[in-house]
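# Residue-level structure breakdown
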Amino acid sequence: MTEDKQRLLDERYMRMAKIWAENSYCIRRKVGALIVKDKMIISDGYNGTPSGFENVCEDENNETKPYVLHAEANAITKVACSHNSSMGATMYVTTSPCIECAKLIIQAGIKRVVYSQKYRRTDGASLLVRAGIEVCYIEIDETEE
Ligand SMILES: [Zn+2]
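Described below are features of the structure shown in this document.

Moving on, we get to the coordination of the zinc ion. Within the first shell, the zinc ion binds the protein through His70 (ND1), Cys98 (SG) and Cys101 (SG), at distances of 1.9 to 2.3 Å. Mapped onto the sequence, the donors of the zinc ion take the spacing H-x27-C-x2-C. Separated by 28 residues along the polypeptide, His70 in the loop between strand E2 (40–46) and helix H2 (71–80) and Cys98 in the loop between strand E3 (90–95) and helix H3 (99–107) bring together distant segments of the chain.

Once that is clear, we can look at the state of the cysteines. The bond known as a disulfide is covalent and runs between the sulfur atoms of two cysteines. Per the counting criterion, the structure on display carries one disulfide. Paired by a disulfide, Cys26 and Cys57 hold their sulfur atoms 2.0 Å apart. Its S-S torsion of approximately -65 degrees makes the covalent link between Cys26 and Cys57 left-handed. Residue Cys26 is located in the loop between helix H1 (3–21) and strand E1 (32–37), and its partner Cys57 is located in the loop between E2 and H2; the two are separated by 31 residues in the primary sequence. The exposure classification of Cys26 matches that of Cys57, with both residues buried. For the unlinked cysteine Cys81, the closest cysteine sulfur is that of Cys101, found at 16 Å. Relative accessible area serves as the criterion here: at 2%, Cys101 is assigned to the buried category.

What follows covers the packing of aromatic side chains. Per the counting criterion, the structure on display carries three aromatic pairs. Here Phe53 and Tyr67 contribute two aromatic rings whose centre-to-centre distance is 5.2 Å and whose plane-to-plane angle is 45 degrees, an arrangement assigned as tilted. Placement of Phe53 in the loop between E2 and H2 and of Tyr67 in the loop between E2 and H2 is noted, with a sequence separation of 14 residues between them. We classify Phe53 as partly exposed; its relative accessible area is 42%. Of the residues examined, Tyr67 reaches a relative accessible area of 33% and is grouped as partly exposed. Geometrically, the ring pair formed by Tyr115 and Tyr137 is tilted, given 5.4 Å between the ring centres and 55 degrees between the ring planes. With Tyr115 in strand E4 (residues 112–117) and Tyr137 in strand E5 (residues 134–137), the pair connects residues that are 22 residues apart, well separated along the chain. On the accessibility criterion, Tyr137 (33% relative accessible area) is partly exposed.

Taken as a whole and judged by the stated rule, the model has eight salt bridges. Glu100 serves as the salt-bridge partner of Lys103, at 3.3 Å between the closest nitrogen and oxygen. With Lys103 and Glu100 both in helix H3 and three residues apart, the pair spans about one turn of that helix. A salt bridge links Arg112 to Glu134; the shortest N-O distance between them is 3.4 Å.

One can describe the packing of H2 onto H3 by two numbers: an axis separation of 9 Å at closest approach and a directional angle of 25 degrees. Judged by the inter-axis angle, H2 sits roughly parallel to H3. Handedness of the crossing formed by H2 with H3: left-handed. Contact with H2, carried on its side by Glu72, Ala73 and Ile76, involves Cys101, Leu104 and Ile105 of H3 and no other residues of that element. Classifying every residue of the contact of H2 with H3 gives five nonpolar, no polar and one charged.

The rules we used
- Residues numbered from 1 in each chain as written.
- Predicted model: local features only at pLDDT ≥ 70, side-chain atom pairs only at ≥ 80, totals over all residues.
- Heavy atoms only, no water.
- Donors = N, O, S within 2.8 Å, 3.2 Å for Na, K, Ca; no water.
- Helix = DSSP H or I, 4+ residues; strand = E, 2+ residues; numbered from the N terminus.
- Disulfide = S-S within 2.5 Å.
- Buried < 20%, exposed > 50% of the residue type's maximum accessible area, 1.4 Å probe, protein only.
- Phe/Tyr/Trp six-rings, centres within 6.5 Å; stacked < 30°, edge-to-face > 60°.
- Salt bridge = Lys/Arg side-chain N within 4 Å of Asp/Glu carboxyl O.
- Axes fitted to C-alpha atoms, helices over the stretch in contact; angles between N-to-C directions.
- Parallel < 35°, antiparallel > 145°, perpendicular 65-115°, else oblique.
- Left-handed = near helix turned anticlockwise from the far one by under 90°.
- Contact = heavy atoms within 4.5 Å.
- Nonpolar A, V, L, I, M, F, W, Y, C, P; charged D, E, K, R; others polar.

In short, the description is geometric, and any link to function would need to be established separately.
Okay, here's the thing in structure tokens:
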């Protein structure tokens, strides 16, 4: 695939991840993630509480509840419940992964991570790079929303 074609695909998947983030009922931050393998979306996720829990992410002090799963963790665990494998896949995530999710991404065999929003901490992205994962930042056109 040419670089231009890859870039176009990356932007489209990222826009989809961003739309997917709208599913999140979290108020403080909505994050969406897609796992793509061989041009197929094999999983998706957004940040939220585990299955069966109330659809509220923040406690009475507006702090995120400790059991809220990040979009990346939800997408990876969804693959674990399916017949797919994330080995060699690409993850599109709207916000740069945190260190906890970076560990999961490494162990899930994901080879490429594309994100569009920089997170205040960069230790997650650094860990991915250290594990030999290709990390790409792409800006998506906000006016297309
Ligand atoms: Zn995370």
